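Spelled out from the first residue to the last, the chains are:
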Amino acid sequence: MSDARWLDEEEQATWRAFLAASRALFEELDRQLQRDAGMPLAYYEVLVRLSEAPDWRLRMHELARLAGASRSRLSHAVTRLAEQGWVARRDCPEDGRGAYAVLTEDGFAALRTAAPGHVESVRSLLFDPLEDGDVAVLRRIAEAVLAAARPDLAPLRQPGREPPIA
């Protein structure tokens, strides 16, 4: 352990603030979605990813990658979303072992209903407390961290393509 690059005092304080802020933000976003839309943040993320996909469908393994979930966790989420009638599983004709997750009309309606409250929560918890210029800095930092931690996800969005729902 003698080669460890220990955090200095400022780095340690920054790491702990980032960790606490991240946890608090995601816990509150999850609470809001559970309370107002009857779905956890993880399920909302699945619905958003499907709404952005061509024909509202993605291979299960790709959806898991985009949602940052294990295949088993995603499979469980898709099962629950299918029970709600929000997602359907479809066989993949190109690969007999593969499957698609497909957003249904009811799922898109649920997403459209949940989106305004979720976006307001994101705005009030993340963007409203920031000062002028902080959004660009936060994005740059988030993209740098994402590129280091999950280069397969960076960038998350193609330039010029706006998602139908945030």
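Scroll up for the structure.
Residues numbered from 1 in each chain as written. Predicted model: local features only at pLDDT ≥ 70, side-chain atom pairs only at ≥ 80, totals over all residues. Heavy atoms only, no water.

Q: Would you take a moment to explain the overall build of the protein chain for this structure?
A: Helix and strand counts for the protein chain come out as 6 helices and 3 strands. On the principal axes, the C-alpha backbone points of the protein chain span a range of 55 × 40 × 30 Å. Every one of the 166 residues in the protein chain was classed for burial, and the buried ones make up 30%. Carbon and sulfur atoms form 53% of the exposed surface of the protein chain, whose accessible area is close to 11300 Å². The positive charge centre, built from 22 side chains, and the negative charge centre, built from 27, are 6 Å apart in the protein chain. (Helix = DSSP H or I, 4+ residues; strand = E, 2+ residues; numbered from the N terminus. Buried < 20%, exposed > 50% of the residue type's maximum accessible area, 1.4 Å probe, protein only. Areas by Shrake-Rupley, 256 points an atom, 1.4 Å probe, with all protein chains shown as cover. Lys, Arg positive; Asp, Glu negative; His and termini not counted. Charge placed at Lys NZ, Arg CZ, Asp CG, Glu CD.)

Q: What exactly am I supposed to notice about the pattern of salt bridges here?
A: Opposite charge on two side chains lets them pair, provided their charged atoms get close. Per the stated rule, a full pass over the model turns up 8 salt bridges. Two residues, Arg 65 and Glu 62, come together in a salt bridge whose shortest N-O distance is 2.7 Å. Taken together, the positions of Arg 65 and Glu 62, both in helix H3 (residues 60-67) and 3 residues apart, correspond to about one turn of that helix. Residue class for Arg 65 comes out partly exposed when judged on its relative accessible area of 27%. (Salt bridge = Lys/Arg side-chain N within 4 Å of Asp/Glu carboxyl O.)

Q: What exactly am I supposed to notice about the layout of surface pockets here?
A: One way to see where empty space is left: roll a probe the size of a water molecule over the atoms. Roughly 180 Å³ of internal volume is contained in the second largest pocket. Contributing to the lining of the second largest pocket are Arg 59, Met 60, His 61, Arg 71, Leu 74, Ser 75, Arg 97, Gly 98 and Ala 99. Elements represented by at least two residues in the lining of the second largest pocket include exactly H3 and helix H4 (71-83). With 3 residues, H4 is the single largest residue contributor to the lining of the second largest pocket. (1 Å grid on protein atoms, 1.4 Å probe; cavity = no way out; pocket = protein on both sides within 12 Å on 5 of 7 lines; lining within 4 Å. Points joined across faces, edges and corners; volume = space filled by probe spheres on them.)

Q: How should I be thinking about a nonpolar patch on the surface in this particular structure?
A: Together, Leu 7, Trp 15 and Phe 18 make up a nonpolar patch on the protein surface, roughly 320 Å² of accessible area in all. Summarising the element assignment, Trp 15 is placed in helix H1 (residues 9-37). Judged by its relative accessible area of 41%, Trp 15 falls in the partly exposed class. (Patch = residues over 30% accessible without salt bridge, like charges linked within 9 Å, V, L, I, M, F, W, Y side chains within 5 Å.)

Q: Just to check I follow, could you spell out the sheet that holds strand S1 (residues 57-59) for this structure?
A: In a beta sheet, neighbouring strands are held together by backbone hydrogen bonds and run either parallel or antiparallel to one another. An order of S1-S3-S2 is seen for the 3 strands of this open sheet, with the pairing classed as antiparallel. What marks the edges here is a single partner per strand, and that holds for S1 and strand S2 (87-91). The sheet shows a mean angle of 25° between the axes of neighbouring strands, direction not considered. As judged from the 5 bridges shared by S2 and strand S3 (residues 99-103), these two strands associate in the antiparallel manner. What sits directly across from Val 87, in S3, is Leu 103. Lying over the sheet, H3 contacts S1, S2 and S3, oriented at roughly 95° with respect to S1. Running over the sheet, H4 touches S2 and S3 and is turned about 115° from S2. (Pairing = 2+ DSSP bridges. Axes fitted to C-alpha atoms, helices over the stretch in contact; angles between N-to-C directions. Contact = heavy atoms within 4.5 Å.)

Q: Which parts of the structure should I look at to understand the packing of aromatic side chains?
A: What describes a pair of aromatic rings is the distance from one ring centre to the other and the angle between the planes of the rings. Counting across every chain of the model gives 2 aromatic pairs. Aromatic pair Trp 56 and Phe 108: ring centres 4.7 Å apart, planes at 20°, arrangement stacked. Taken together, the positions of Trp 56 in the loop between helix H2 (41-52) and S1 and Phe 108 in helix H5 (residues 105-127) put the pair 52 residues apart, joining distant regions of the chain. Accessibility expressed as a relative area gives 22% for Trp 56, which makes it partly exposed. Against the face of Tyr 100 rests Arg 57, its NZ or CZ located 3.9 Å from the ring centre. The lysine or arginine in question, Arg 59, covers the ring of Tyr 100, its NZ or CZ lying 6.0 Å from the ring centre. (Phe/Tyr/Trp six-rings, centres within 6.5 Å; stacked < 30°, edge-to-face > 60°. Lys NZ or Arg CZ within 6 Å of the ring centre and 35° of its normal.)

Function-wise, these values are silent; they only describe arrangement.
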